[in-house]
Amino acid sequence: MSDFAQTVKQQADIVKVIEGYIRLRKAGASNYSGLCPFHKEKSPSFSVHAVRQFYHCFGCQASGDVFSFVGKIENVPFPEAVRIVAQKCGIPLPKREFSSPEQAAESRQRTKLLELHEAAAAFYEDQLRGPEGAVAREYLAGRGLTPEGIKAFRIGWSPDSFNALRDRLSSVADGETLRASGLFSSKEQGDGTMGPIYDRFRKRVMFPITNESGRVIAFTGRTLETGDKAGPKYFNSPETPLYSKSLVLFNLDKARTAIRQAEFALLVEGQMDCISVYLRGIQNVIATSGTAFTEQQVGLLRRHTTNIVVNFDPDTAGANAAEKSIALLTEEGFTIKLVTLDGGLDPDRFIRERGVEAYVAAIRGAERQSDYLIARALRLFPGHSAEAKLQQMNYLLPHIRRMPERLARDQFAGDAAQKLAIDSAVLREELRQAALKRRDHIEARTTPLTEVERILLRALAITDPEHVESRRAAAQAITAQTAFFEHLGTFAALQALAGRGAKDPMEVVEDPAQRALLAEVLLAETKSPEEAEVEGAIQQIQERSIEAQLRALRANIAEAERRGDFTELTLLTQKKLQLDRSLRDLHNRRPPQS
Ligand SMILES: [Zn+2]
């Protein structure tokens, strides 16, 4: 972490920063709680520790410091999160807060690429208005697009030329930037070097792709020709320093206000569908452009809503992507409904043929995800045979297990049992189990935290200099006498903390389940444990460990007696005497004087 980031972290109040995004309520001496912004929930499992400056969600295990929170909720990389927090706290930014010359160069390049894309968008718009654009204007009018709509989405036309855009932009940027923009192609030559650049998009209707601030960062080009020479129907910008397909949701910049107002987002398959639906007044619409949702896109959307209505055609090539998207959104706690339009029409054609009111009605009548999936299971595996039922079940079970909320799983499993007419006790039990336990969910610990573990965790997390001796005693015991602690449920956390040096306690415990235990202890803590308390806890753990060994030994001795195995008996008895002695020593031991 840079010095500047360190300074910002010290001065920032994590509670205030997080309160800028969600409502927090005081829940203890120095901790606050609220509804987690990273997963859907109805009762708060999200906590913030004001003194230790961390947040932790016991529902989805999201956890970290103020930068991790801002990075996650704003979906920005670390340096950007530092800048945002600095600004929020009124800490003046150094003139240029770049950690390396590479970063500075990268930032300059991004600025240039944005300028290039702006110039390219204006050029394509011009071309659409010109004589060459007539064929495209005709196509767009045929799709019901008015000049206002074309202007709103900055739709354009790339002329039938290999150098029209290149000539226009060569005065705006250097060759390296032009190559990096993704707006041009070039061929590898015999000697391995790249040949001269030429326009990538030719004779295509151009749809700009914008980032969340509405700046053009890439294009999709649609050909109007058919046949072998036409190339693919849709052609996208490649991945560039500006554009990464997995980080963008088409139309989110225009749709986000409407999404918040409507409290749901409408997800359609293609950009043309999205534009068409938007221009007819349904403005909370976004598109993924035929690919499955990524986690980053889920993160983008979550900042605006966790309710989504999906309008994909279940039987197109996109069906696979749609199912993957639905699976991911379910796991991330979104509430999903699905629209299937009559006659298998896409939204654009449906609206043109039946009118926008009919489309609004279809959205209102969207099916719950569970109903949709049960119907789909019945369609995919028709019949009432035992075999068909098994296939239907196997299709549904993963979907059920994926739902984060117990109640939703219960309801889904109940509906499935009823609608599939499952009367087999075995299958019913499978459904019940699926509802009971979420797959991949972090296993609930089997043994509750003991008081001595709490003391040790608190001791190892000590940051105030007054109590360093408590921390030292705990760390030393765990490092020197590991065997005594291994059976503890929190052993991994204890071990990580014992070797943490100057690092933050919450930072060094990586296992989510272990970190959850530590967060639980730290959020409940009132004061650091005294040295005597720590010594007492260590002694208790040692005693219990020996007692457990003695219990096992006694059982073995009884067994050896019964068998009349005297060699074994002698060995076991010697061992028992040893353990008895260790236990006696422990009882007599005084905490060492430092
Ligand atoms: Zn959460």
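Residues numbered from 1 in each chain as written. Predicted model: local features only at pLDDT ≥ 70, side-chain atom pairs only at ≥ 80, totals over all residues. Heavy atoms only, no water.

(A) View of the overall build of the chain. Along the backbone of the chain there are 27 helices and 16 strands. Relative to the compact-globule value of 25 Å for 594 residues, the chain shows a C-alpha radius of gyration of 32 Å, a clear excess of over 25%. Expressed as a percentage of its 594 residues, the buried residues of the chain come to 47%. Within the chain, counting contacts between residues at least 6 apart in sequence, those at least 24 apart form 64% of the total. A total accessible area of about 30200 Å² is found for the chain, and carbon and sulfur atoms account for 51% of it. (Helix = DSSP H or I, 4+ residues; strand = E, 2+ residues; numbered from the N terminus. Rg over C-alpha atoms; globule rule 2.2 N^0.38 Å. Buried < 20%, exposed > 50% of the residue type's maximum accessible area, 1.4 Å probe, protein only. Contact = heavy atoms within 4.5 Å. Areas by Shrake-Rupley, 256 points an atom, 1.4 Å probe, with all protein chains shown as cover.)

(B) How the structure looks around the packing of helix 17 (residues 386-402) against helix 19 (residues 425-436). Orientation of helix 17 relative to helix 19, taken along the N-to-C sense of each, is 10 degrees, at an axis distance of 9 Å. The angle between helix 17 and helix 19 places the two elements in the roughly parallel class. Contacts between helix 17 and helix 19 involve Lys389, Leu390, Met393, Leu397, Ile400 and Arg401 from the first element and Leu427, Glu430, Leu431, Ala434 and Ala435 from the second. Residues of the contact of helix 17 with helix 19, tallied by class, amount to eight nonpolar, no polar and three charged. (Axes fitted to C-alpha atoms, helices over the stretch in contact; angles between N-to-C directions. Parallel < 35°, antiparallel > 145°, perpendicular 65-115°, else oblique. Nonpolar A, V, L, I, M, F, W, Y, C, P; charged D, E, K, R; others polar.)

(C) Just the sheet that holds strand 3 (residues 46-49), in detail. Strand order in the open sheet made by the five strands is 1-2-3-4-5, with antiparallel pairing throughout. The open sheet terminates on both sides in strands that have one partner only, identified here as strand 1 (25-26) and strand 5 (63-64). Each of strand 3, strand 4 (54-57) and strand 5 is contacted by helix 3 (residues 66-74), which is oriented at about 55 degrees to strand 4, the strand it contacts most. Helix-sheet contacts for helix 25 (residues 512-524) involve strand 2 (31-34), strand 3, strand 4 and strand 5, and the interaxial angle to strand 4 is about 120 degrees. (Pairing = 2+ DSSP bridges.)

(D) Focus on the confidence of the model for the chain. Across the chain, the average pLDDT comes to 85, with 94% of residues at 70 or higher. Within the chain, no element has a lower average pLDDT than helix 19, which sits at 73, and none a higher one than strand 6 (residues 156-158), at 97. (pLDDT = per-residue confidence, 0-100.)

(E) Structural context of helix 20 (residues 451-460). Summarising burial for helix 20: eight of the ten residues are buried, a large majority. Every buried residue belonging to helix 20 is among Val452, Glu453, Ile455, Leu456, Leu457, Arg458, Ala459 and Leu460, and all of these are buried. Contacts from the buried residues of helix 20 go to helix 21 (468-480), helix 22 (482-485), helix 23 (491-498), helix 25 and helix 26 (531-563).

(F) Local environment of a negative patch on the surface. On the surface, Glu451, Glu466, Glu530 and Glu533 cluster together into a negatively charged patch. Locating Glu451 in the fold gives a position in helix 20. (Patch = residues over 30% accessible without salt bridge, like charges linked within 9 Å, V, L, I, M, F, W, Y side chains within 5 Å. Salt bridge = Lys/Arg side-chain N within 4 Å of Asp/Glu carboxyl O. Lys, Arg positive; Asp, Glu negative; His and termini not counted. Charge placed at Lys NZ, Arg CZ, Asp CG, Glu CD.)

(G) Highlighting unusual backbone geometry. In this structure, Arg154 takes a positive phi of about 55 degrees despite not being glycine. Along the chain, Arg154 falls in the loop between helix 7 (147-152) and strand 6. For Arg154, a relative accessible area of 22% puts it in the partly exposed group.

(H) Structural context of the pattern of salt bridges. Enumeration over the complete set of coordinates arrives at 24 salt bridges. The shortest N-O distance in the salt bridge between Glu225 and Lys203 comes to 2.5 Å. Taken together, the residues Glu225 in the loop between strand 10 (216-223) and strand 11 (234-236) and Lys203 in the loop between strand 8 (198-199) and strand 9 (204-210) connect sequence positions 22 residues apart. Under the relative-accessibility criterion, Glu225 is labelled partly exposed at 37%. A relative accessible area of 29% means that Lys203 is categorised as partly exposed. A salt bridge links Lys419 to Asp371; the shortest N-O distance between them is 2.7 Å.

(I) Structural context of the coordination of the zinc ion. Ligation of the zinc ion by protein atoms is provided by Cys36 (SG), His39 (ND1), Cys57 (SG) and Cys60 (SG), these donors lying 2.1 to 2.3 Å from the ion. Its four donor atoms give the zinc ion angles of 104 to 118 degrees at the centre, a pattern that matches the tetrahedral case. In the primary structure, the donors to the zinc ion are separated according to the pattern C-x2-H-x17-C-x2-C. His39 matches Cys36 in its accessibility class, with the two residues each being buried. (Donors = N, O, S within 2.8 Å, 3.2 Å for Na, K, Ca; no water. Tetrahedral: all angles 85-135°; square planar, octahedral: opposite > 155°, others 65-115°.)

(J) Structural context of the side chain of Gln369. For Gln369, the location among the structural elements is in helix 16 (residues 369-380). Owing to a relative accessible area of 6%, Gln369 belongs among the buried residues under this scheme. Residue contacts for Gln369: discarding those within four places in its chain leaves Ile326, Thr330, Ile336, Lys337, Leu338 and Met403.

(K) Representation of the packing of aromatic side chains within the structure. Under the counting rule described, the total for this entry stands at 14 aromatic pairs. Ring centres of Phe67 and Phe78 lie 5.5 Å apart, and the angle between their planes is 85 degrees; on these two criteria the pair is classed as edge-to-face. Placement of Phe67 in helix 3 and of Phe78 in helix 4 (residues 78-88) is noted, with a sequence separation of eleven residues between them. Of the residues examined, Phe67 reaches a relative accessible area of 2% and is grouped as buried. Judged by relative accessible area, Phe78 falls into the partly exposed class, the value being 41%. Cation over ring: Lys254 sits above Phe153, and NZ or CZ is 4.5 Å from the ring centre. (Phe/Tyr/Trp six-rings, centres within 6.5 Å; stacked < 30°, edge-to-face > 60°. Lys NZ or Arg CZ within 6 Å of the ring centre and 35° of its normal.)

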